[in-house]
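Spelled out, the chains give:
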Amino acid sequence: MKRELLVAGSFAAFGGLIGYFGFLFAVPWSITQRAYKMWTPVNQWHHSGLEAGRRGSWVKIGNPDFIVSRAVFDLSGGPLRFTGRVPNDSYWSLAFYDEKTMNFAVINDTGLSGKNYEIIVTGSKRQPVAGADHIQSPVTKGYVVVRILARQNRPIEYWRDIQRQARIGRLGRSS
Amino acid sequence: MQRALTPERDPLYVAQVAAFGPYALAPSEAVYLSALTDSEGAGLRADLSYDICGRQPPSRFWSISAYSDDGMFFETPTRRSSFSGDTIALTPNKTFCIRMSPNPAPGNWLPSTGHTGAILVMRLYQADPAFIAALGAGDLPTIRRVR
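Residues numbered from 1 in each chain as written. Chains lettered and ligands numbered in written order. Predicted model: local features only at pLDDT ≥ 70, side-chain atom pairs only at ≥ 80, totals over all residues. Heavy atoms only, no water.

## Topic: the overall build of chain A
Okay, so step 1: Counting secondary structure elements, chain A contains 2 helices and 9 strands.
Okay, so step 2: N-terminal to C-terminal, the α/β element order of chain A is α-β-β-β-β-β-β-β-β-α-β.
Okay, so step 3: Relative to a compact globule of 175 residues, whose C-alpha radius of gyration would be 16 Å, chain A shows 21 Å and is clearly more extended.
Okay, so step 4: The dimensions of chain A, computed from C-alpha atoms along their principal axes, are 75 × 45 × 30 Å.
Okay, so step 5: By the burial criterion, 49% of the 175 residues in chain A qualify as buried.
Okay, so step 6: Here the contacts in chain A between residues at least 6 apart in sequence split such that 69% fall between residues at least 24 apart.
Okay, so step 7: Per element, the accessible surface of chain A, about 9,000 Å² overall, is 56% carbon and sulfur. (Helix = DSSP H or I, 4+ residues; strand = E, 2+ residues; numbered from the N terminus. Rg over C-alpha atoms; globule rule 2.2 N^0.38 Å. Buried < 20%, exposed > 50% of the residue type's maximum accessible area, 1.4 Å probe, protein only. Contact = heavy atoms within 4.5 Å. Areas by Shrake-Rupley, 256 points an atom, 1.4 Å probe, with all protein chains shown as cover.)

## Points about the nonpolar core
Soluble globular proteins tend to bury their nonpolar side chains together.
Okay, so step 1: Counting 28 residues, the largest nonpolar core has Trp45, Phe73, Phe82, Trp92, Leu94 and Phe96 of chain A as the members making the most contacts within it.
Okay, so step 2: Mapped by element, the contributors of at least two residues to this core are β2 (66-74), β3 (80-85), β4 (92-97), β5 (103-108), β6 (116-123), β8 (141-149) and α2 (156-164) of chain A.
Okay, so step 3: Residues within four places of Phe96 of chain A in sequence aside, it is in contact with Phe73, Phe82, Met102, Asn103, Phe104, Ala105, Val121, Ile135, Tyr143 and Val144 of chain A.
Okay, so step 4: Counting residues in each nonpolar core, the second largest holds 23 residues, with Ala46, Phe96, Ile98 and Leu124 of chain B among its members. (Core = buried A, V, L, I, M, F, W, Y, C linked by side-chain atoms within 4.5 Å.)

## Considering the sheet that holds strand β7 (residues 133-137) of chain A
Residues and elements named next belong to chain A.
Okay, so step 1: Read from one edge of the open sheet, 4 strands run β7-β6-β3-β9, paired in mixed fashion. Whereas interior strands pair on both sides, the edge strands pair on one side only; in this sheet they are β7 and β9 (167-170). Here the average twist between neighbouring strands, direction ignored, is 25°. (Pairing = 2+ DSSP bridges. Axes fitted to C-alpha atoms, helices over the stretch in contact; angles between N-to-C directions.)

## Digging into the state of the cysteines
In a disulfide, the sulfur atoms of two cysteines are covalently bonded to one another.
Residue and element names in this part refer to chain B.
Okay, so step 1: In the structure shown here, the tally under the stated rule is 1 disulfide over all chains.
Okay, so step 2: The disulfide bridge from Cys53 ends at Cys97, spanning 1.9 Å between sulfur atoms. Here the S-S torsion is close to 115°, and the disulfide linking Cys53 with Cys97 is therefore right-handed. Of this pair, Cys53 sits in strand β3 (residues 50-55) while Cys97 is found in strand β6 (residues 95-101), placing the two residues 44 residues apart along the sequence. (Disulfide = S-S within 2.5 Å.)

## A short note on unusual backbone geometry
Okay, so step 1: Here the residue pair Thr40 of chain A and Pro41 of chain A is connected by a cis peptide bond, since its omega of -5° sits within 30 degrees of zero.
Okay, so step 2: Assignment of secondary structure puts Pro41 of chain A in the loop between α1 (2-38) and β1 (46-48).
Okay, so step 3: Even without a glycine there, the phi angle at Asn43 of chain A is positive, about 55°.
Okay, so step 4: Along the chain, Asn43 of chain A turns up in the loop between α1 and β1.
Okay, so step 5: Unlike most non-glycine residues, Lys94 of chain B shows phi in positive territory, near 65°.

## A closer look at the packing of aromatic side chains
Okay, so step 1: A full pass over the atoms with the stated rule returns 17 aromatic pairs over all chains.
Okay, so step 2: On the basis of an interplanar angle of 70° and a centroid distance of 6.0 Å, the ring pair of Phe66 of chain A and Phe61 of chain B is categorised as edge-to-face. One end of the pair, Phe66 of chain A, is in strand β2; the other, Phe61 of chain B, is in strand β4 (residues 59-68), on a second chain. The pair formed by Phe66 of chain A and Phe61 of chain B is uniform in burial state, with each residue classed as buried.
Okay, so step 3: Judged by centre distance (4.9 Å) and plane angle (25°), the rings of Trp62 of chain B and Phe96 of chain B are stacked. Of this pair, Trp62 of chain B sits in strand β4 while Phe96 of chain B sits in strand β6, placing them 34 residues apart in sequence. Accessibility assignment for this pair places Trp62 of chain B and Phe96 of chain B in one class, buried.
Okay, so step 4: Of the aromatic side chains, those joined through ring pairs into one cluster are Trp45, Phe73, Phe82, Phe96 and Phe104 of chain A.
Okay, so step 5: The positively charged end of Lys141 of chain A is found above the aromatic ring belonging to Tyr36 of chain A, 4.5 Å away from the centroid.
Okay, so step 6: Sitting over the face of the ring of Tyr158 of chain A, Arg154 of chain A holds its NZ or CZ atom 4.2 Å from the ring centroid. (Phe/Tyr/Trp six-rings, centres within 6.5 Å; stacked < 30°, edge-to-face > 60°. Lys NZ or Arg CZ within 6 Å of the ring centre and 35° of its normal.)

## Here's the deal with the sheet that holds strand β2 (residues 30-35) of chain B
Each strand in a sheet pairs with another by means of backbone hydrogen bonds, the pair being arranged parallel or else antiparallel.
Residue and element names in this part refer to chain B.
Okay, so step 1: Strand order in the open sheet made by the 4 strands is β2-β8-β4-β5, with antiparallel pairing throughout. Only two strands of the sheet have a single neighbouring strand rather than two, namely β2 and β5 (82-84). Strand-to-strand twist across the sheet, computed as the mean angle between neighbouring axes with direction ignored, equals 15°.
Okay, so step 2: For β2 and strand β8 (residues 118-127), the ladder comprises 6 bridges, and the chain directions are antiparallel. Bridge pairing in β8 places Leu33 opposite Met122.

## Some words on the interface of chain B and chain A
Okay, so step 1: Chain B puts 44 residues into the contact, and the matching count from chain A is 47 residues.
Okay, so step 2: Of the roughly 4,000 Å² buried where chain B meets chain A, counting both sides, 55% is carbon and sulfur surface.
Okay, so step 3: The interface formed by chain B and chain A includes 2 salt bridges.
Okay, so step 4: For the salt bridge of Arg60 of chain B with Asp109 of chain A, the shortest nitrogen-to-oxygen distance reads 2.7 Å.
Okay, so step 5: Here chain B is connected to chain A by 15 residue pairs in polar contact (both at pLDDT 80 or more).
Okay, so step 6: The element best represented in the side of chain B that touches chain A is helix α1 (residues 11-20) of chain B, accounting for 8 residues. (Buried area = accessible area lost by both parts, 1.4 Å probe. Salt bridge = Lys/Arg side-chain N within 4 Å of Asp/Glu carboxyl O. Polar contact = N/O pair within 3.5 Å; in protein donor to acceptor, adjacent residues only side chain to side chain.)

This is the structure we're talking about:
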């Protein structure tokens, strides 16, 4: 009887452990799958204004001071080239996320203020590209976000114009 | 400035970030702090008034935003949902007080509405690393109910 209880208890504990870790992995996986479905086609920016967090927006706990551009990047067709303009008087960042929604690389405006940027993103095994800022991605497919602090000292269209200059293209092709 | 990061691999931490703040910036770039209770431990409510008072945090940009407990901004006529280092009125000694309240107030008024719970979120961008490393409750604004 004791042995049967011990075996049953062990199975229950093992099952609980599997369920717990399954849950832990399912949460980021489900968020990522939703993002992949929402932001199609891949390698194309989707720009948002200051509506995040307002009624009707899908974004909860939105940041009322930032305009955001989002894209799903896919390196399966080769390296990607990210280009655009960095504002010269406000916070800007380009942040890359893996399949678990974790931020694996970020570039901010320090040293880039008021300049155009060019960032090459490759897989993790690719050699650095000479003469370009280079990010080695640990994942083939992930998520990328540009954040611009839309300071109130300028009209929103000023910031949105900078936002819309962002491009994603294949390396070696014009975009 | 380009920064390659080493993302946290602890499954519990990863799941928490995915559930409560997916696609957040790494702590080296931005820190997000949320409050669901006042300084006495009582749950924040949209139909009550609070004074949120503190000192300017040492960061490039900071803000305090108010949300209904469903994570959306309060829909108020002013549409003001946050104060930041750019927009807040400071005292001469560089401290601030924000009044979150359904009733209009002079100064830094953050309007709330409805009979729901409330959430306050403080965001710090490019904060002083020493400040973040030593961050404790005493460094954060107090949230006191106005009676």
